[in-house]
Structure formats: C-alpha cells, structure tokens
Amino acid sequence: MSRLVDQARSLSPAGWTVLPRLLWPLVVGVVIAGLIQFVIGPNISGFTSKVMLVAGINIIMAVSLTVVNGFTGQFSMGHAGFMAVGGYVAATITYYGSIKLFGTADFAGGTVSWTGAGAFEGPIVGKGDLLFIGSCIVGGLAAAGAGYIVGLPSLRLRGDYLAIVTLGFGEIVRVLLQGTPDQIQPWKAKEALDVPWYELLLKLGGPKGFNLLPTYTTLFWVYLFVVLTLIVSYRLKNSSTGRAFLSIREDEIAAQAMGVDVTRYKVRAFVLASFFAGMAGGLYAMDIGAINAGDLGFQRSFDFIIMVVLGGLGSISGATLAAVILTILPELLRDLPPIWPAGLVLLAGMAAAQKLRGQWRLRPLIVVAVLTAVLEIARRVCVAKGINIADYRLILYASLLIVMMLSRPQGLFGVREAWELFGRGGKKPAKGAA
Amino acid sequence: MSAMNLIARTAALLMVGFGLASLGCEKPSGGTGGGGATKSGETGTPGSPKEDGDAGQIVIGHYASLTGSEATFGISTDNGIKMAVEERNKAGGVKGRQVKLVTLDNQGKPQETQTVVTRLIEQNEVVAVLGEVASSRSLAGAPICQRKGVPMISPSSTNPDVTAVGDMISRVCFIDPFQGLVGAKFARENLNLSKGATLYNRAQAYSSGLNTNFKEAFTKMGGQIVSEQAYSDGDNDFSAQLTAIREQGPEFIYVPGYYTEVVNIARQARKLGITVPLIGGDGWDSEELKNAGDALNNCYFSNHYSHEDTRTEVQEFVKKYQEQYGKVPDGLAALGYDAARLLFDAMERAPSMSGKDLASAINSTQNFAGVTGAISIDENRNANKSAVILEVVNGQPKYKATVKP
C-alpha cells in the first residue's frame, strides 16, 4: 500500500514548478496579445481591428458557452445575462471608481489601452488600466456568483426545463438592471463624491443604459483574455473535471452510476462559463463606452448559441472558428467581393489534399463548387441589375447558416478539435466515452 | 467518416477564405482613393466606385437600423435623408460638388453600430455622419466619431447624454427634459389643469425619462401629481393602474408611452369611465392611433412637427415626400430631412471640409429654417427649437398649438 502511495507521489511534479505551471498561460497570453496589439495592430486599418476586437469578445463568449452547452450538454439560454451582470459590475467599478479615486471619469490608462485619437504619451500601463482589469475580473466573479445562485437550484433540471430557467434568468437580469436609478453623469462628478459607495455603485442608469464610460478595451486586453479562455477550456477538457463534464453530456445516469456528482459538476461548468462571460461583458462595456441591458436580452444569447452549435458541440476550436466566421460574415456580405478566385483556389487545394490522401471524394468538391457558383452568380446578377446586395445580406447570411448546418449537422468539427480532424481519420476517438 | 471530415474542412476553409479575402479587400487602398467598398446604399450621382475619393464628390454617411425590431424608424429617417440629398444635388450640390450618401445598416445593435461607423469613416471616407434614432446606438457611435474627429448629427436621439460625448456630436431634435416641460406647460397653461396623474413604462428609457421630467416641470408650475402608475414592456392590461388613477380623480393623465400601448390604455380607460384627457409625447406619433376610434378624442400629444402645419417648408416637404414615397412623412422622416439639410447648410458656411471646421460650423447654426421648426444649436450642441401640440380627433392628429422653449 505505502509503495503505491510513494509511486503516486513520485509522479506528481516537484513543488518549485507550482509557480511556473500557474503562470505560463498568463505569460503566453501577454506575449500573444502584445504581438497582436503592437505588431499587427498598427499595420491594419481601424475597421479590421474593430472586427478583430468584436471577434475576440465573441470567441470568449462562444468558448465559455461551449463549457456548458458543449462539454456538459446543458442547454443554457441565458449567456448574455451573465455578460450583462459582468459588464455592469465592471462598468460601475471602473466608472465610479475613476470618479472616486481619480476625481474624473476620464481615461486614466497607459499605452496598452489608448483608443483615442493621435499618439499617446505616457506609461505602458497606467493606474486606470489596473482599475479596468481589476473591475473586469470582479465582474467575472460577480457573474460566476450569479451562475452559482442560478445553477444550484436549477441544474437539477434537464433539457428544455433548464433552457427555460436560464432564459428566465437572462430576462430577470435585464428587468432588474432596467429598474436601477439614474446614472451620475461625468459633469456631475462632484456630486458623486458625497454619495456612499454602496449607493453609488447601484446608480446604473436604468433603461437609459450606463453611458459615457471611459474606454479601455483594446486588442491587447481582448486577446489576453481570449488566450486565457482558450488555454483554460482546453486544459479543462482534458482534465478529470472535464471528463466528468463530458460523461454527463453522454449519459447522465451512467455518469451518476460511475460516481460523478452530476449536480455539482453542472454547477461547476456553469460557474466557470459565467466567469468568462462576465469578463467578456466588462470588455464589451468598456469597448463601446456604454452598456444597455436592453441589448443583452435573450436574442443576444442566441447569437452565442448559434456559434457553439455551428462550431460543433464540445469543440473549442470549432467554437472559436464559428465565432470568427459569424463576426466576419455579416460585414463581408455588406459588399461581396468576387468569390470565384477564392473558390477555385479552395477547389484546387482540396483536390490536391485528396490526391495526397489517395482517396477521391466528390461530394465536398461539389459542395464548394456549387456554393461558389451560386454566390458568384447572385453577385453578378445583383451588380448587373443594380440591386444593392447589402439589403439582402441578412437573408444571405441566414441561408449560408442553413447550408452549413445541412451539410454539417454536427457542427464544423463535431465534438473534436481541428487538429484531430487533420490526423489520419481521427486517431483520438471521442474522449467523452469515459 | 472521412467524407464528413472533408466537408468539415471544406466549410471551414471556405469560410476562412472568405474572411481573409474580405479583410484583405477592406484595407484602405491608400492615397486619395476611397477603395472599392462603397457601393452600398448610394444616392445621388451614379459613378464607378473607383472615383469615390475624388474631390468631385462629398461623401456623407448614415447609420441606421434598417433591419431588426426598430427597422421602421431607420427606414423613415433614411427616406428623409435621401430626399434631402437628391434635392440638394439637383440644386447643384454643396459648393458646386455633388453629395453622395452611404447608408449602412447596424441591425439595431450597439456593437454593430461601432463597426459600421468605423467603416463609414475609414473605408467610405465620409466627412460627416448622420445617425441614429435610438439613443443607445447614438451613444455607441458617438465616441468613434469624436475620436476620429468626424462630425455627427443625430436626427432624433433625445437622451441628453448623447451630445455630452464631445464637441463633434450635435442633434436637431429637442431633448427629453424639454418635451416633459412642453407637456406640463400645455396642461398647466393652455388647458388650465392642476391635478394630474401619470402612467408610464418603467422598462423604457424614453417613457420613464419623460415621466420624471414632466413631473418635475408640472410640480414646479404649481400643479399636483395625485397618482403615478407604471407598467412594463409587453403589458396589455392596464385596468389595475387605471382603477388606482380613477380613485384619485385627476383632471388629466400623462401617458408618455408608445402608440401601441396608448391605444390600449385609452380604450381601457374609457371603459372604466375615465373621461379626462390623456396627454403624451412623440411616441404617440403613428397612423395606428386610428385603432383607438373615438377613445382618444380630446387627447393631446407633443411632437416634433405636424404635417398640417401651414408653413411653406412643411407643406413643400410633405408634398414632395408623398410624391416620392406615397405616404405622409412621420416625425422621424422630417428630422432626418432636417439633419441632412442642416449639415449642407453648415458645409456651405465652413471654410473647409475638415472635421473641426465642419463641427464648428454645425455648432454655430442659428435659426436654421427646418421643417420641424427653427433650429438653433446651443452651447451643449442640443437643438433649441419649439414643439407642436397635436390633438387627436377620431384617431387623426390635428395641429393644436406650438409651444416655444
């Protein structure tokens, strides 16, 4: 017996590695985010960087929802509600915190968060950044708390029932936030100094929204959190907790029989997903400079559900890719570029890939060829007839979604990750079977 | 299985390819050229997209919710703006240059609004931006315009915060506190009433804001609010609130809601035997009021303009709009029209088309003769103008009075 214990001990990593093991995701995140902000950022147009930023926030939302909807198989429809909780908490701390600590609600950050016009003189990280990032984390924690409170009683439910409860949660959040008192505007900052903290933090503007916030969100912060979210979810998927999640998705009764505390694991998944959604809410609020609960209702939750379903339930890379696609696609359809060059290149590439693998499959080639042809003809007709294609872009967008779901009902990558698909016919069979 | 894999890869690659292609195309092509991505929603002189950035045309942008739940607002406004642009181009343009309008849809989402405004400024290289109806989306677009130094005129956002974003942002409509004041003034002075009740939508910024402002103004003028009742989005039964109001016996009820709610409220109130007048705001402005039948007789609401106003600007505008779109223009169309015309007026006066010059020209506008009244931009960049009071007669709004600020 003691030999077994010793053996087990010798397998666990040495004590000094705790700190590096804890910090490497953060280091990786800072490096990648720094590269995006300071190397790629200055070389792309403001529009491209705006789309990238929105895509980043959507990635965080989609990947975190994957933990609940994908890994654990629980259908949550209130993800935007957690975003609203986190967003409002982060916004109120940043806004009123700035007023109380710095005297004004103006921007007080450094180069990393400068979004204003012209060059910025100052430190890389300012006091405002610390407040902002701290508030985002507190926002995440608040959302996680909300996730715990909602999750504990309701996660004993299944399927449709849970969906309705989470939907209800999102609506409750919206209505509560719309019932809050008026905001103290920046030009009345002096009045705010006399109001006690607990009262001040609740002045969220009600139905008018919480406006005129200082904007701190840049590509750096967004992609730092994107990297962290991705690493955490990937490591989670391959951990014992993650396997418990997957087992619940596959068969709840079997999981229970194997000793998985179903409710506890569901709540865990819920709390974790809510945390990331809350942080994304903070980034969202301080990107727009305003947050309005009316815009974060259940329709918004559906946007994220679509991303998760399209990516494949349980696939992190799928959700990431779907978030990127669904952010870019509506923008792209405003003004459709010629498709056939891209389509031809794609066809040739696919044919080459198939030749390499030594197996010819006509169906995917036909799908691509037909899609390209249809889109190109539609575009030509619109140009020739003087029809403004932008007027129909949401119809096109929806039909592309339908095509994608019909040709790939299990989502882009199914339950697996992108790189697993590119191996020989998927050498890692579904891990969730445990 | 591998067929499935291939389809997956196909779809993925296809989409990524699209994405990269799009982003590649959307980088500004540098120099003076405006790039190719400016075909959407153009009005005015047709021209091949490559000529866009040339000195010949002045490009202005409009962002609006042309899809989504508030699409009618966006479309009305866009119609008004389009008409103003066409009219101006026929008359020779601004400073001899033709004006081109680029309208982009934001789906009624704030995040989308920011993307769209960035796109207008960077890709279409607009010199000024018009938009939006809803204050929450104007508040999303405004910081971008302020940052990039491009003037923005909001046609109909009434939340006071919008223009507080900075000196590039102004508007041509009056703000919420003023409309509350107008309602109070009309009730107190024109109708000589002193005991009122209010019934408002608690979940709506517009409604709850107007309620607060009305209450403040009315009490200040010596009136008394005997009952204050609220409802929420989607409510259809107002009998509980109306019964509570009836017990207090007010001389009128202030209902700052949207027309859909107002029609129900009026009918239910008459059924409960409440005969006092209802008074409301511009949310009432709709043809749907006729659904109330005679329930809304002897009721009044404040509005930006009346199509029955006998001023020549109004009559000409209404006639042209009817010819072009086949219906009577609503307040939003009139405000869109005014916003565009005020912008052209400022362009004529500005020494150059740079953001700074243009903004200071807009902000120094005095007594501009708009369809919705004489507009002066005050030091907070809000429009200082009069409001009209309309009386509902058998579901048809009739011009009653003009209330000056």
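Cut-offs and rules
- Residues numbered from 1 in each chain as written.
- Chains lettered and ligands numbered in written order.
- Predicted model: local features only at pLDDT ≥ 70, side-chain atom pairs only at ≥ 80, totals over all residues.
- Heavy atoms only, no water.
- Patch = residues over 30% accessible without salt bridge, like charges linked within 9 Å, V, L, I, M, F, W, Y side chains within 5 Å.
- Areas by Shrake-Rupley, 256 points an atom, 1.4 Å probe, with all protein chains shown as cover.
- Salt bridge = Lys/Arg side-chain N within 4 Å of Asp/Glu carboxyl O.
- Buried < 20%, exposed > 50% of the residue type's maximum accessible area, 1.4 Å probe, protein only.
- Helix = DSSP H or I, 4+ residues; strand = E, 2+ residues; numbered from the N terminus.
- Expected span 1.5 Å × (residues − 1).
- Bend = angle between axes of the 7 residues up to and from the residue.
- Polar contact = N/O pair within 3.5 Å; in protein donor to acceptor, adjacent residues only side chain to side chain.
- Contact = heavy atoms within 4.5 Å.
- Pairing = 2+ DSSP bridges.

**Q** Quick question: what am I supposed to make of a nonpolar patch on the surface here?
**A** On the surface, A:Leu19, A:Leu22, A:Leu23, A:Leu26, A:Val27, A:Val30, A:Val31, A:Leu35, A:Phe38, A:Val39 and A:Ile40 cluster together to form a nonpolar patch covering roughly 970 Å² of accessible area. The class of A:Val39 is partly exposed, set by a relative accessible area of 45%.

**Q** So what exactly am I meant to see when it comes to helix H3 (residues 46-71) of chain A here?
**A** Residues lying three or four places apart along an α-helix face the same way, a consequence of the helix completing one turn every 3.6 residues. Residues and elements named next belong to chain A. With 26 residues, H3 ought to run about 38 Å at 1.5 Å a step, and its terminal C-alpha atoms sit 36 Å apart, in line with that. Along its length, H3 reaches its greatest deviation from straightness, about 35°, at Leu-65. Gly-73, located one to two residues past H3, shows a positive phi value of around 75°.

**Q** Looking at this structure, I do not really get unusual backbone geometry. What am I missing?
**A** When glycine is set aside, most residues are seen to have a negative phi, and most peptide bonds are trans. Residues and elements named next belong to chain B. Between Gly-131 and Glu-132 the backbone carries a cis peptide bond, its omega angle lying at 0°. Here Glu-132 is to be found in the loop between strand S4 (128-130) and helix H4 (135-148). For Asn-367, which is not a glycine, the phi torsion comes out positive at approximately 50°. One can find Asn-367 in the loop between helix H11 (355-363) and strand S12 (368-370). With a relative accessible area of 58%, Asn-367 lands in the exposed category.

**Q** How should the pattern of salt bridges be read in this particular structure?
**A** Note that side chains of opposite charge can pair when their charged atoms are close. Enumeration according to the criterion identifies 25 salt bridges over all chains in this entry. In this structure, the salt-bridge partner of A:Arg334 is A:Glu331, at a minimum N-O distance of 3.2 Å. Relative accessible area serves as the criterion here: at 2%, A:Arg334 is assigned to the buried category. A relative accessible area of 4% places A:Glu331 in the buried class. Counted as one network, the salt bridges with shared partners bring together A:Arg300, A:Asp303 and B:Lys109.

**Q** Would you mind showing me how to read the side chain of B:Ser157 here?
**A** All names here are of chain B. Among the secondary structure elements, Ser-157 is positioned in the loop between strand S5 (152-154) and strand S6 (169-171). Reaching out from Ser-157, the side chain makes a polar contact with the backbone oxygen of Ala-134 at a distance of 3.5 Å. Not counting the four nearest positions on each side in its chain, Ser-157 is found in contact with Glu-132, Val-133, Ala-134, Ser-135, Ser-138, Val-162, Arg-171 and Cys-173.

**Q** So what exactly am I meant to see when it comes to the sheet that holds strand S13 (residues 373-377) of chain B here?
**A** Residue and element names in this part refer to chain B. Taken in spatial order, the 3 strands line up as S12-S13-S14 in an open sheet, and their pairing is antiparallel. On the outer flanks of this sheet lie S12 and strand S14 (383-384), each paired with one strand and no other. Judged from the 3 bridges that link them, S12 and S13 form a sheet pairing that is antiparallel. When the bridges of S13 are listed, Phe-368 appears paired with Ile-375.

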